[in-house]
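Secondary and tertiary structure notes
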Amino acid sequence: MERSDGELVRETQRGDKEAFQEIVERYQRKIVAVALGMVHNRDDAIEIAQETFIKAFENLDKFKGESSLYTWLYRIVVNRAIDFQRRERRHPTVALEDRAGGTDGYDEILKEERLEDPYQQTQAREIGDRVTAAINELTPDHKAVILLREVEGLSYDEISRVMHCSKGTVMSRLH
């Protein structure tokens, strides 16, 4: 029988590390997907996810249950990704892999249906590249809102709780 998030949090707060492991296993893929959507590098996304779970574990005693565990974890990962992007802007790095022939890691986390027609494949890739380029030009807060809405499917209310802003601000950032 699957334990609820509330049960897992309470058990972790009492010192049950296996309960926290269950939390990690439950949310790991989604947390990595959010981080990957923000930083576009698989290794960095995994590092951010690890930092997210470390921070969550260290601060679980402060989790009051006023929001869902899911929302609380997403707020942490978004903050970690934003902090990472700010650090990277101050200390830019050069990617070692060739972006034109490589992958940005999305296909490992977010499987999508393959198109059989080469024309459709090329067209889809070009559109995807344009969308990715446009999203990369956004501020971290705007990028986070789009990813939480379009990739993770969160409602405006959930996004406003994750981002600690009003529903109107969420709608404005999405616009």
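Residues numbered from 1 in each chain as written. Predicted model: local features only at pLDDT ≥ 70, side-chain atom pairs only at ≥ 80, totals over all residues. Heavy atoms only, no water.

Let's shift gears to the pattern of salt bridges. Scanning the model with the defined rule gives 8 salt bridges in all. Among the ionic pairs, Glu11 bridges to Arg3, the shortest N-O distance being 2.2 Å. Among the salt bridges present, the one from Arg80 reaches Asp83, with a minimum N-O distance of 3.5 Å. You can see Arg80 and its partner Asp83 sitting in helix H4 (residues 69-90), 3 residues apart, about one turn around the helix. (Salt bridge = Lys/Arg side-chain N within 4 Å of Asp/Glu carboxyl O. Helix = DSSP H or I, 4+ residues; strand = E, 2+ residues; numbered from the N terminus.)

Turning our eyes to something else, we now look at the nonpolar core. Grouped together as the largest cluster of nonpolar side chains are 42 residues, with contacts concentrated most on Leu73, Val78, Leu148 and Met163. Those elements that provide at least two residues to this core are helix H1 (5-13), helix H2 (17-39), helix H3 (42-59), H4, helix H7 (140-151) and helix H8 (156-163). Per-element accounting of this core gives the leading share, 12 residues, to H2. In this view, Met163 contacts Arg75, Val78, Asp141, Ala144, Val145, Leu148 and Arg173; residues no more than four positions away in its chain are not counted. (Core = buried A, V, L, I, M, F, W, Y, C linked by side-chain atoms within 4.5 Å. Buried < 20%, exposed > 50% of the residue type's maximum accessible area, 1.4 Å probe, protein only. Contact = heavy atoms within 4.5 Å.)

Another aspect to go through is the confidence of the model for the chain. Summary statistics for the chain give a mean pLDDT of 80 and a share of 83% for residues scoring 70 or more. Put simply, helix H5 (residues 106-109) is where the chain has its lowest mean pLDDT, 45, and H3 is where it has its highest, 94. (pLDDT = per-residue confidence, 0-100.)

On to H3. Compared with an ideal rise of 1.5 Å per residue, which puts 18 residues at 26 Å, H3 spans 26 Å between its outermost C-alpha atoms and is within 8% of the ideal. For H3, the full list of buried residues reads Ala45, Ile48, Ala49, Thr52, Phe53, Ala56 and Asn59. Seen end-on, H3 carries its buried residues on one side only, within an arc spanning 140°. Exposed and facing more than 90 degrees away from the buried side of H3 are Asp43 and Glu58. Its side-chain oxygen placed 3.0 Å from the backbone nitrogen of Asp43, Asn41 serves as the N-cap of H3. (Expected span 1.5 Å × (residues − 1). Arc of directions from axis to C-beta. Polar contact = N/O pair within 3.5 Å; in protein donor to acceptor, adjacent residues only side chain to side chain.)

The subject of this paragraph is the packing of aromatic side chains. Under the definition given, this model contains 4 aromatic pairs. Residues Phe20 and Phe57 carry aromatic rings whose centres are separated by 5.0 Å and whose planes lie at 65° to one another, so their mutual orientation is edge-to-face. One end of the pair, Phe20, is in helix H2; the other, Phe57, is in helix H3, and 37 residues separate them in sequence. For Phe20, a relative accessible area of 9% gives the class buried. Each ring, one from Tyr70 and one from Tyr74, has its centre 4.5 Å from the other, and the planes form 50°; the classification is tilted. Here Tyr70 pairs with Tyr74, and both are found in helix H4, just 4 residues apart, close to one helical turn. Each member of the pair, Tyr70 together with Tyr74, is buried. (Phe/Tyr/Trp six-rings, centres within 6.5 Å; stacked < 30°, edge-to-face > 60°.)

One way to put it is that H2 packs onto H3 with a least axis distance of 8 Å and a crossing angle of 140°. As summarised for this structure, H2 and H3 are arranged oblique, according to the angle between their axes. Of the two elements, H2 crosses H3, and the hand of that crossing is right-handed. Seen from H2, the contacting residues are Lys17, Phe20, Ile23, Val24, Tyr27, Gln28, Ile31, Val32, Ala35, Leu36 and Val39; seen from H3, they are Arg42, Asp44, Ala45, Ile46, Ile48, Ala49, Thr52, Phe53, Ala56 and Phe57. Its residues placed into classes, the contact of H2 with H3 shows 16 nonpolar, 2 polar and 3 charged. (Axes fitted to C-alpha atoms, helices over the stretch in contact; angles between N-to-C directions. Parallel < 35°, antiparallel > 145°, perpendicular 65-115°, else oblique. Left-handed = near helix turned anticlockwise from the far one by under 90°. Nonpolar A, V, L, I, M, F, W, Y, C, P; charged D, E, K, R; others polar.)

We note that His40 has phi near 60°; this positive angle belongs to a residue other than glycine. Relative to the elements of secondary structure, His40 occurs in the loop between H2 and H3.

At Tyr27, H2 shows its strongest bend, of approximately 55°. Just downstream of H2, His40 is the residue with a positive phi angle, here 60°. (Bend = angle between axes of the 7 residues up to and from the residue.)

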